[in-house]
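# An overview of the molecular structure
These are the residues of each chain, in order.
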Amino acid sequence: MRRRKCLENLARDWQLHLFMLLPMIYIVVFAYFPMVGAQIAFRKYSARLGMWKSPWVGLDNFTRFFSSVYFGRTLGNTLILSFYSIFATFPIPILFALCLNSLNGVRFRKVAQTITTMPYYISVVVLVGILLQLFNSRTGLYGNLCEALTGKYPPDLFAKPGNFRHMYVWSGAWQGFGWSSIIYTAALSSVDPALHEAAQIDGASRFQRVCHIDFPSILPTIVIMLILRTGSVMGIGFEKVYLMQNNLNLSASEVISTYVYKIGMEADITDYSYSTAIGLFNSVANLIVISFINMLAGRMGQTSLW
């Protein structure tokens, strides 16, 4: 009976199912089929022998990474940058959306949202170029200003490992908070105006209405976005880190993604099996983290992805 009903639905809505065919083919070809190549992580890959004939080594590549001196450094830097980014940048779009929603001027709100969204469209290469020019200790605004005030050039900010994390996180916060606030602004637009009218009649201030009406209304959206954000805690962006990286700040800027690239592409003797094993470990760790956070959010607030 169920099979007959499915066939009837398929015959009735065959156009919709036909539209789904192309996305499904795309996902299979570019998402699931490449997973076959993950077996390289368990082999000693040789381009001459190919993927299927390369000798099987089991977990040797993983053991090699776990016992390497780079394991603690890259994992630590990845986690520090990720959690620093979450704690520093995640609340900013929420606060901005709440403040923007509290304003009465519709035109000013539109202009403010447009201006704050514009940096998001700056490419990573251009953004890092701006940072390098702006904070150059000799020719940049930072260097010229310090030289004018103190009479001498300041130290190079990009040469100190401790400065790398702050510049990476806060430049990302400036670039992305306007774009990230759009989803919260959309969620706030669905709040029933009758709730605000009733609160005003009861004498509630604007701040009290934000705390007791607006914020609880977007709390499920905040939880979902936090789960998605923590799901990429091990997937810190490669491009920006790699472009801001140099030999002097390497102790703080070497993350798993840049290390995988250097092993697989930049090394004198590339080791595809080793780099694939590290990438596979990174993906599995991301899956574990997002599953744990999703379970925790579901038990605490009954809001989760699944």
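Check the entry above for the structure.
In short, a report on the structure. (Residues numbered from 1 in each chain as written. Predicted model: local features only at pLDDT ≥ 70, side-chain atom pairs only at ≥ 80, totals over all residues. Heavy atoms only, no water.)

### Examining the pattern of salt bridges
Our working rule: Any carboxyl oxygen of Asp or Glu that lies within 4 Å of a side-chain nitrogen of Lys or Arg is treated as forming a salt bridge with it. Buried, partly exposed and exposed residues are distinguished by accessible area as a fraction of the type maximum, computed with a 1.4 Å probe on protein chains only: under 20%, between the cut-offs, and over 50%, respectively.
Evaluated as defined, the whole model comprises 3 salt bridges. Between Asp214 and Arg206 there is a salt bridge; the shortest N-O distance is 3.6 Å. Residue Arg206 is classed as partly exposed on the basis of its relative accessible area of 26%. The shortest N-O distance in the salt bridge between Glu254 and Lys262 comes to 3.2 Å. Owing to a relative accessible area of 18%, Lys262 belongs among the buried residues under this scheme.

### Concerning the environment of Phe71
Rules: By definition, any uninterrupted DSSP run of H or I lasting at least four residues is a helix, any uninterrupted run of E lasting at least two residues is a strand, and each is numbered from the N terminus. Contact criterion: two residues are considered in contact whenever any of their non-hydrogen atoms come within 4.5 Å of each other.
You can see Phe71 is positioned in helix 4 (residues 69–89). Residue class for Phe71 comes out partly exposed when judged on its relative accessible area of 21%. Remark: the alpha-carbon pair of Phe71 and Ala186, spanning 115 residues in sequence, is separated by 42 Å. With residues up to four places along the chain from it excluded, the contact list for Phe71 reads Phe65, Phe66 and Phe281.

### So, the nonpolar core
Quick note on the threshold: Residues belong to a common nonpolar core when they are buried Ala, Val, Leu, Ile, Met, Phe, Trp, Tyr or Cys residues joined through side-chain atoms within 4.5 Å.
Ranked by size, the top nonpolar core spans 15 residues in total, and within it Leu81, Tyr168, Val241 and Met244 carry the most contacts. Every element with two or more residues in this core is listed here: helix 4, helix 7 (124–134), helix 9 (161–188) and helix 12 (238–244). For this core, the element with the most residues is helix 9, which contributes 4 residues. Each residue touching Met244, except ones within four places of it in the same chain, is listed here: Val128, Leu131, Phe158, Phe164, Met167, Tyr168 and Asn249.

### Observations regarding a nonpolar patch on the surface
Note the threshold: Patches were defined on residues exceeding 30% relative accessible area and lacking a salt bridge, with like-charge contacts within 9 Å and nonpolar side-chain contacts (Val, Leu, Ile, Met, Phe, Trp, Tyr) within 5 Å. In short, Shrake-Rupley with a 1.4 Å probe defines the accessible areas, and a residue's cover is counted only from the protein chains shown.
Together, Trp14, Leu18, Leu21, Leu22, Ile25, Tyr26, Ile27, Val28, Val29, Phe30, Tyr32 and Met35 line one region of the surface with nonpolar side chains, adding up to about 1,300 Å² of accessible area. Inspection of the secondary structure assignment puts Leu22 in helix 2 (residues 14–32).

### Regarding the packing of aromatic side chains
Note the threshold: Put simply, two rings from Phe, Tyr or Trp (the six-membered ring, in Trp's case) pair if the centres are within 6.5 Å, and we call them stacked under 30 degrees between planes, edge-to-face over 60, tilted for the rest. In our convention, an over-ring charge means Lys NZ or Arg CZ found within 6 Å of a ring centre and within 35 degrees of that ring's normal.
Applying the stated criterion across every chain, the model contains 24 aromatic pairs. Centre to centre, the rings of Phe66 and Phe281 are 5.4 Å apart; their planes meet at 75°, and the pair counts as edge-to-face. Of this pair, Phe66 sits in helix 3 (residues 60–66) while Phe281 sits in helix 15 (residues 272–301), placing them 215 residues apart in sequence. Centroid distance Phe238 to Tyr242: 5.3 Å. Interplanar angle 20°. Geometry classified as stacked. Placement of the pair is Phe238 and Tyr242 together in helix 12, with a separation of 4 residues, close to one helical turn. Chaining the aromatic ring pairs together yields one cluster made of Phe65, Phe66, Tyr70, Phe71, Tyr259, Tyr274 and Phe281. Here Arg64 stacks its cationic end above the ring of Tyr274, 4.0 Å away from the centre of that ring. Between the NZ or CZ atom of Lys240 and the centre of the ring of Tyr168, over which it lies, the distance is 4.8 Å.

### Let's talk about the side chain of Glu254
Put simply, the rule reads: Any N or O atom pair separated by 3.5 Å or less is treated as a polar contact, with the protein-specific requirement of one donor-capable and one acceptor-capable atom, and with residues adjacent in sequence counted only for side-chain atom pairs.
Of note, Glu254 is situated in the loop between helix 13 (250–253) and helix 14 (256–266). Glu254 gets classed as buried once you look at its relative accessible area, which sits at 4%. At a separation of 2.6 Å, a polar atom in the side chain of Glu254 contacts the side chain of Thr258. In terms of polar contacts, Glu254 uses its side chain to reach the side chain of Lys262, at 3.2 Å.

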